[in-house]
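Descriptive analysis of the structure
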Amino acid sequence: MSRHRKCLLVLGMLAALLAGELSFASAMSAEKHSIRSVEEKTEIEEEPIDETQKPQVSEDPEPTATPVPTAVPEKYELLNQNAKYKKGGQTGIHYNIIKDQKVYHMVSYTTDTVHLSMSHESAYQIYGGGSKKEVKKKYVTVTAGGVVKCHRKGKGQVVCTIIRAKSLQTGEEQFIYIRFKKKLSVKGSSHMTLYEKHSGQLKFDYSYKKLSFRVGNKKKAKVSKKGKVSALRHGVTYVTVKVKDSEKNQVKIKITVKTEPWIVSKKDTVYSYQDMTNDLYQLRRKYGSKTGLTSLGKSWDDRNIWCLRIGNPYASRRLVIDGAIHAREWKNSQLLMRQAEDMLRDYSEYRTRFQRVCIYMIPMANPDGVTLAQYGFGAIRNTKMQKRCEKIGHAAIWKNNARGVNINYNFPSGFSKKGKAKKPDYYSYPGKQSGSEKETKALMAFFNRICPSAVLNIHSTGSIIYWDFNVGGSQHQRLYNLAHKVRSFNKYRMMPKSGSTNGSGGLADWLVYGKNITSITIETGTVRCPLPHSQFDSIYKRNRDMFRWFMTKY
């Protein structure tokens, strides 16, 4: 085949390709086929070819290239998972609200950033808002990348916006409505001060279910899921409160934990009737409904015989602790008052207990005698009684009341003048007859009214327990069980049965023999009364857990 003929053939095929009649691949295949056919025909005509030398040619046709399909644009939509596509519901929009058309709805917080994700590359614009003024002042902005920020983060502020997204690929538009909820805020102060073992309530303008709480230092305080902060140890920590489905909507609250000052001072070396009265009023004011204060009656020198209540006054189970029925044992008044406050400080731990149990504390059953023993005969206001007491003497070790009667010998059970003083004195005179004294009458009326389950009578001295009365059966067992448990705490010696446990006009005698009430006597201290103040700490530590057990477990 001549070169000129080949050139003409190629030019013809190219012209056909340009005219759209053949694909480029088909043209080239045809060209090769035509040229090969012509060459083969020419060569056969000119000279025979040896079959053994003839090259093997594949019979398969040349592959044809697959056409590339034209790309179809995907649906233009918002890809954020928390978005809902619906009509209406654009609360807070008064400027350019979208009507009769579905828009995307999203919820965020004024503190948070929203990242919009559209299926096409888009251009964004703030389209609508609460008002035209809001849009003009740019309360909300959106970047070219679809990052939306709210710039109004004041307390209680809610901001709404509508954003127009336009596809750069198809020109389609979508509208996104975003409601920015208010910033979390504390109701009240963001600084809470609590005493150790006390609690306080945090309040917010959001439901507790939507909030999470975290304490910086768990040794200082703890917080519940409902915002109750419990102070544990002296110091400062912070509580971080966060809206659960938000990134930055949170507040920090400073918690200062202080050591609570005591009302009843253990440093007071002479704890007087007036000191006790002042403390009782303070305890009543501080602890409100948890406690109550009543006077069981007046003494001969017109002092109140105070009774402090802890717990529910209508509870079916009642327990009593009394002290200082003997004047020179006034250190026990301070002991009982301190124990009462100690219990009230931890009242919340035993709230359920005190709904069904009531504790009555009589810290000073003989206020006249205590005042005389502490301050001398001049402290007795009744002139006649004062002169009588002066004749008797022994003010510092005085046991009786202002009339010279030993109240603990004046009760009906076993009342006897045998072996006792025949006239008023500082130590053992039982009175003309049982129940003759105002203090005795007041105590008897009180016990008759409340009918307690058990009574602890606190005396001094000896660090011993009197319990073994001349009774048997279940009553004896109850006395033993109570005394044995008390001993397990304070390690005082349980006294054996003796003549001192026969009825002798004592309060415990009357409770056990006359009222069938479980009652034991605990003698504190190790030296002769009045006990020196140096013994207070050791007595308190030795008996604190015992009193706590009696009030919360017995």
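Residues numbered from 1 in each chain as written. Predicted model: local features only at pLDDT ≥ 70, side-chain atom pairs only at ≥ 80, totals over all residues. Heavy atoms only, no water.

A few words on the packing of helix α10 (residues 473-490) against helix α12 (residues 536-552). The geometry of α10 relative to α12 is characterised by a closest axis approach of 7 Å and an angle of 140° between their N-to-C directions. Considering their axes alone, α10 and α12 lie oblique with respect to each other. Helix-helix and strand crossings are classified by hand; for α10 and α12 the assignment is right-handed. Facing α10, whose interface residues are L482, K485, V486, F489 and N490, α12 presents R542, N543, D545, M546, W549 and F550. Partitioned by chemical class, the residues of the contact of α10 with α12 number six nonpolar, two polar and three charged. (Axes fitted to C-alpha atoms, helices over the stretch in contact; angles between N-to-C directions. Helix = DSSP H or I, 4+ residues; strand = E, 2+ residues; numbered from the N terminus. Parallel < 35°, antiparallel > 145°, perpendicular 65-115°, else oblique. Left-handed = near helix turned anticlockwise from the far one by under 90°. Contact = heavy atoms within 4.5 Å. Nonpolar A, V, L, I, M, F, W, Y, C, P; charged D, E, K, R; others polar.)

Here the focus is the side chain of Q535. Turning to its location among the elements, Q535 is positioned in the loop between β23 (518-524) and α12. Apart from the residues lying within four places of it in its own chain, the contact partners of Q535 are G525, T526 and V527.

I321, L456, I520 and F547 are the most contacted members of the largest nonpolar core, which totals 68 residues. If one sorts the elements of this core by residue count, α12 sits on top with eight residues. Each residue touching F547, except ones within four places of it in the same chain, is listed here: I321, L335, L336, Q339, L456 and I458. Listed in part, the 23 residues of the second largest apolar core include A315, C358, A365 and L511. (Core = buried A, V, L, I, M, F, W, Y, C linked by side-chain atoms within 4.5 Å. Buried < 20%, exposed > 50% of the residue type's maximum accessible area, 1.4 Å probe, protein only.)

So, on to the sheet that holds strand β17 (residues 304-311). Ordered by their spatial adjacency, eight strands build an open sheet running β16-β17-β19-β18-β20-β23-β21-β22, and the pairing between neighbours is mixed. Of all the strands in the sheet, the pair left with one neighbour each is β16 (291-298) and β22 (493-494). Sheet topology note: the strand β21 (residues 464-466)/β23 ladder contains three bridges and is antiparallel. Across the sheet, residue I464 finds its bridge partner in β23, namely E523. (Pairing = 2+ DSSP bridges.)

M385, Q386, C389 and I392 are the residues of helix α8 (residues 383-392) that are buried. An end-on view of α8 places all buried positions within 120° of arc, on one side of the element. Along α8, the residues that are exposed and aim more than 90 degrees away from the buried face are K384, K387 and K391. Once α8 ends, the next one or two residues include G393, with phi positive near 80°. (Arc of directions from axis to C-beta.)

Turning our attention to the packing of helix α5 (residues 331-345) against α12. For the pair α5 and α12, the least separation of the axes is 10 Å and the interaxial angle reads 50°. One way to sum up the angle between α5 and α12 is to call them oblique. Here α5 and α12 pass one another in a crossing that is right-handed. Where α5 abuts α12, its residues K331, Q334, L335, L336, R338, Q339, D342 and M343 lie against F536, I539, Y540, N543, R544, F547, R548, M551 and T552. Broken down by class, the residue content of the contact of α5 with α12 amounts to eight nonpolar, four polar and five charged.

Among the structural elements, S246 can be located in the loop between β14 (235-243) and β15 (250-258). Of note is the side chain of S246, whose polar atom sits 2.7 Å from the side chain of D112. (Polar contact = N/O pair within 3.5 Å; in protein donor to acceptor, adjacent residues only side chain to side chain.)

Moving on, we come to the state of the cysteines. Counted by the stated rule, this structure contains zero disulfides. No disulfide involves C150; its sulfur sits 9.4 Å from the nearest other cysteine sulfur, which is in C160. Take C150: its relative accessible area is 2%, and that puts it in the buried class. (Disulfide = S-S within 2.5 Å.)

Read these as spatial facts, not as claims about activity.
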